[in-house]
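Observations on chain architecture
The primary structure of each chain is shown beneath.
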Amino acid sequence: MSTTSKTARVARKSSRGVIATFVSAEFRGVTLPAAAAIIGVTLAGWSLFRASAPPTKIVPPGVAALVNQRPILTSDYISEAETEVSIPFEQIPDDQRAKVLRGMIDQELLVQRALALDLPETTIEVRTALADGLNAQVDAPALAVSPTDDQLRAYYFAHRAAYASEGTMTVHDIVLKVGGYQNVDQDFGQAEADAEEAVYKLRSGESLADVMEHYGFVDSGRVQNDTEFDFAAKIHLGDKLYAVAETLKDGDVSDPVEMDDGVHVLVMDNRAMPHYSDYEAVRAQVYNGYRDALRAQAEAANLAYLRANATILLAPGMKE
Amino acid sequence: MAQSAAGSELKLIKPRHYRRWFLLLAIVLALGGFAIARAVTRARLARELLTTFPYAIDQHPELVRYALSVAPVIYHANCASCHGADMKGETKLGAPALIDKQTWLYGDGSVAEIERIILYGIRSGNGEAHNVTEMTAFGITGQLTPDEITDAVQYLMELNNRPYNQEAADAGQNLFFGKAACFDCHGMDAHGDTNYGAPNLTINVWNNGGTPQDIYHSIYYGVHHICPAWYNKLTLGQIRALAVMLHVLSKPTST
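Residues numbered from 1 in each chain as written. Chains lettered and ligands numbered in written order. Predicted model: local features only at pLDDT ≥ 70, side-chain atom pairs only at ≥ 80, totals over all residues. Heavy atoms only, no water.

This paragraph deals with the overall build of chain A. When helices and strands are tallied, chain A shows twelve helices and seven strands. Counting every position in chain A, which comprises 320 residues, the buried fraction comes to 29%. When contacts within chain A are restricted to residue pairs at least 6 apart in sequence, long-range pairs at least 24 apart make up 60% of them. Total accessible area on chain A stands at roughly 20700 Å², and carbon and sulfur atoms take up 58% of it. (Helix = DSSP H or I, 4+ residues; strand = E, 2+ residues; numbered from the N terminus. Buried < 20%, exposed > 50% of the residue type's maximum accessible area, 1.4 Å probe, protein only. Contact = heavy atoms within 4.5 Å. Areas by Shrake-Rupley, 256 points an atom, 1.4 Å probe, with all protein chains shown as cover.)

Here it is as structure tokens:
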């Protein structure tokens, strides 16, 4: 008997022994779960580390075409075909159906290319359309709300200025310059005192031209000294001076107003106050305004949510 | 000792016991086979339900049966909260009845049309949805006075063969074709326009309630309810099954 066959016999015996041991009653409870665990781990490992599956070549049900794995829904295809050909889908000839699908595939290819070229990042029209599309979906639930009369009325009183006719004013804005080439030696204290006197004289009936000449006032150049709408006057005067101007009536002279360039005095020639419209007369606008406000709230809430979940980093010196 | 015990166990298993075991095995195999066959069949039906063009599904009773078997669960989980478990709608929410055999607000009640409504919704803001129209709030915007709205309601009562005041109904008719221009959406015959979701006003079906007060409320405050888009919330198969079920349950029965 050769040494090799002896070894083989011993090995067979020992392997039978091992198998017998694991099949024996006391190990039987462990053997099958252990085998299952080994097979499971092997399969999991194989799944994890094998190359990823190739893209599917099967078009899923409900999909008319897959374009680079992006689906064109059958429903969209039918709808598009009926829209283009204007007859029920079942009556559309095959060649026209094919033409429609080809057009949709071409469009999908263009969209995919546009995304690859990052058009949403670089093209303003695409960015606007994307933002508008999202906002439309965000707005939808808000626009389903029906306001009550009480809600509308409360909204109207909270936003009365929005439902007023625009007021007009003819105002002169004169300034006693401080510093600069016109009044190099003037200081704010002196200018303030002079302006107080000038205001007194103006209120006493002295002419604007005489007072300006006497105290060295100049026209600020901010307004046209002609009738202009309140909104225009606000732009021209700036918020601080406009806040003073809108309180003046015909012939009023303001108190001196200290600004960066000197001390201003406003002389109101003519003032037509804004006319607040009656609620009943502007119900439709109030209704639209109320819904616009709801829409704005929904969009703001959405943006707040997006910001809360975004990582936004600003470069040094940048503000938003 | 162990060997002798094992030997005695073996002796206990007699031939007639094998028959029982075989019978049990046969039952298990039969049940398993049935379950597998059923699963395979349902998978095939699910695939065919989607691959068959919507207009042709009516011609496949097997597909309709399959859709009717799976759709109720989907409906109750997603649609019943607005449209009601009995599919009769909810007037407080303005959710229309879905088993109305007379009219659909949008489209013709075909599988394809219903499927698109489920996919993209109504006034959902989705670009593919029906976003264009909504019922004007005539009263709250001051376009019609309360008296005028009352007249319009009386005209609608007349159109639906319900008790009405003739004088008010005549005034309402003038409003319908004049100042309020109701005909523009609801049609000269008041039969509605499913392109715009304008309901038929002559069949006494009222999505927001049919009492004179309810109708007054609809005209005064307008109607602009939404149906959400279910694309990406339900699978295409679930949406198709729902569409088939609603189509089958709502289509007029032939007389």
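Before going further, it helps to spend a moment on the environment of Ser 220 of chain A. Residues and elements named next belong to chain A. Mapped onto the elements, Ser 220 comes out in the loop between strand E4 (218–219) and strand E5 (228–229). C-alpha of Ser 220 to C-alpha of Asp 132: the two residues are 88 residues apart in sequence and 44 Å apart in space. Discounting residues that sit within four places of it in the chain, Ser 220 has contacts with Asp 173, Ile 174, Val 175 and His 264. At a separation of 2.5 Å, a polar atom in the side chain of Ser 220 contacts the side chain of Asp 173. (Polar contact = N/O pair within 3.5 Å; in protein donor to acceptor, adjacent residues only side chain to side chain.)

On to a nonpolar patch on the surface, then. Residues and elements named next belong to chain A. Together, Leu 134, Leu 303, Tyr 305 and Leu 306 make up a nonpolar patch on the protein surface, roughly 410 Å² of accessible area in all. Per-element tally for the nonpolar patch: the top contributor is helix H12 (residues 283–308), with three residues. Mapped onto the secondary structure, Leu 306 falls in helix H12. (Patch = residues over 30% accessible without salt bridge, like charges linked within 9 Å, V, L, I, M, F, W, Y side chains within 5 Å. Salt bridge = Lys/Arg side-chain N within 4 Å of Asp/Glu carboxyl O.)

This part is about helix H6 (residues 146–159) of chain B. Residue and element names in this part refer to chain B. The end-to-end C-alpha separation of H6 is 20 Å, in line with the 20 Å expected for 14 residues at 1.5 Å each. Glu 148, Ile 149, Asp 151, Ala 152, Val 153, Gln 154, Tyr 155, Leu 156 and Met 157 are the residues of H6 that are buried. Those residues of H6 hidden inside the fold are in contact with helix H7 (166–177) and helix H9 (212–221). (Expected span 1.5 Å × (residues − 1).)

This brings us to H7 of chain B. Residues and elements named next belong to chain B. When the terminal C-alpha atoms of H7 are compared, their 17 Å separation across twelve residues agrees well with the 16 Å that a helix rising 1.5 Å per residue should span. Every buried residue of H7 is accounted for by Ala 168, Ala 169, Gly 172, Leu 175 and Phe 176. Taken around the axis of H7, the buried residues stretch over an arc of 115°, which confines them to a single face. Exposed positions of H7 whose direction lies more than 90 degrees from the buried face are Glu 167 and Asn 174. By the N-cap criterion, in which a side-chain oxygen at the helix start approaches the backbone nitrogen of a residue two or three places on, H7 is capped by Asn 165, the distance to Glu 167 being 3.0 Å. (Arc of directions from axis to C-beta.)

All names here are of chain B. Domain annotation of chain B identifies domain 1 (1–51), domain 2 (54–132 + 226–249) and domain 3 (146–221). Between domain 1 and domain 2, the contact holds seven residues from the first and twelve residues from the second. Of the roughly 860 Å² buried between domain 1 and domain 2, counting both surfaces, carbon and sulfur atoms make up 68%. At the junction of domain 1 and domain 2, the tally comes to one salt bridge. A salt bridge links Glu 62 to Arg 44, with the shortest nitrogen-to-oxygen separation between them at 3.1 Å. Put simply, domain 1 and domain 2 have three residue pairs in polar contact (both at pLDDT 80 or more) between them. Partitioning the side of domain 1 that touches domain 2 into residue classes produces four nonpolar, no polar and three charged. (Domains from an automatic or database assignment. Buried area = accessible area lost by both parts, 1.4 Å probe. Nonpolar A, V, L, I, M, F, W, Y, C, P; charged D, E, K, R; others polar.)

Residues and elements named next belong to chain B. Notably, Met 87 is not glycine yet its phi reads approximately 65°, a positive angle. Judged by relative accessible area, which is 8%, Met 87 ranks as buried. Even without being a glycine, Ala 190 presents a positive backbone phi close to 60°. Among the structural elements, Ala 190 can be located in the loop between helix H8 (183–186) and H9.

Time to look at the packing of H6 of chain B against H9 of chain B. Between two packed helices, what matters for the description is the angle formed by their axes and the separation of those axes. All names here are of chain B. One can describe the packing of H6 onto H9 by two numbers: an axis separation of 9 Å at closest approach and a directional angle of 125°. With respect to H9, the element H6 is oriented oblique. Handedness of the H6/H9 crossing: right-handed. Contacts from Pro 146, Ile 149, Thr 150, Ala 152, Val 153, Leu 156 and Met 157 of H6 reach H9 at Pro 212, Ile 215, Tyr 216, Ile 219 and Tyr 220. Looking at the contact of H6 with H9 residue by residue, the class counts come to eleven nonpolar, one polar and no charged. (Axes fitted to C-alpha atoms, helices over the stretch in contact; angles between N-to-C directions. Parallel < 35°, antiparallel > 145°, perpendicular 65-115°, else oblique. Left-handed = near helix turned anticlockwise from the far one by under 90°.)

A few words on the nonpolar core. If you look at the biggest cluster of nonpolar residues, it comprises 37 residues, and the most contacted ones within it are Leu 49, Tyr 75, Ile 118, Leu 242 and Leu 246 of chain B. Listed by contribution, the elements that provide at least two residues to this core are helix H2 (15–51), helix H3 (61–78), helix H5 (111–120) and helix H10 (236–250) of chain B. Leu 242 of chain B has contacts with Ala 71, Ile 74, Tyr 75, Cys 79, Ile 118 and Leu 234 of chain B, leaving out every residue within four places of it along the chain. Core analysis: the next-biggest nonpolar cluster, separate from the first, contains 34 residues, Leu 152 of chain A together with Ala 152, Cys 182 and Ile 215 of chain B among them. (Core = buried A, V, L, I, M, F, W, Y, C linked by side-chain atoms within 4.5 Å.)

Taken residue by residue, chain B gives an average pLDDT of 90. The fraction at 70 or more is 92%. If you check the scores for this complex, the pTM reads 0.72 and the ipTM reads 0.79. (pLDDT = per-residue confidence, 0-100.)

So, about the packing of helix H8 (residues 188–203) of chain A against helix H9 (residues 208–215) of chain A. All names here are of chain A. Interaxial distance between H8 and H9 falls to 10 Å at its minimum, and their mutual angle equals 160°. Taken together, H8 and H9 sit at an angle that is classed as roughly antiparallel. Crossing geometry of H8 relative to H9 is assigned as right-handed. For the pair formed by H8 and H9, the contact residues are Asp 194, Glu 197, Ala 198, Lys 201 and Leu 202 on the first element and Leu 208, Val 211, His 214 and Tyr 215 on the second. The residue inventory of the contact of H8 with H9, partitioned by class, reads five nonpolar, one polar and three charged.

Here the focus is the environment of Ile 149 of chain B. Residues and elements named next belong to chain B. Turning to its location among the elements, Ile 149 is positioned in helix H6. Assessed through its relative accessible area of 0%, Ile 149 is described here as buried. Along the backbone, Ile 149 and Ile 219 are 70 residues apart, and their C-alpha atoms lie at a distance of 6.9 Å. Setting aside chain neighbours within four positions, we find Ile 149 in contact with Gly 139, Leu 144, Tyr 216, Ile 219 and Tyr 220.

As a further point, take the pairing of strand E7 (residues 262–272) of chain A. All names here are of chain A. Of all the eleven residues making up E7, eight are buried; the element is thus mostly covered by neighbouring parts of the structure. Sheet topology places strand E3 (residues 168–177) next to E7; ten bridges connect them, and they run antiparallel. Counterpart to Thr 168 in the pairing with E7 is Ala 272. Here strand E6 (residues 257–259) pairs with E7 via three bridges, running antiparallel. Across the sheet, Met 259 pairs through a bridge with Gly 262, a residue of E7. Between the end of E6 and the start of E7, which pair antiparallel, lie two residues. (Pairing = 2+ DSSP bridges.)

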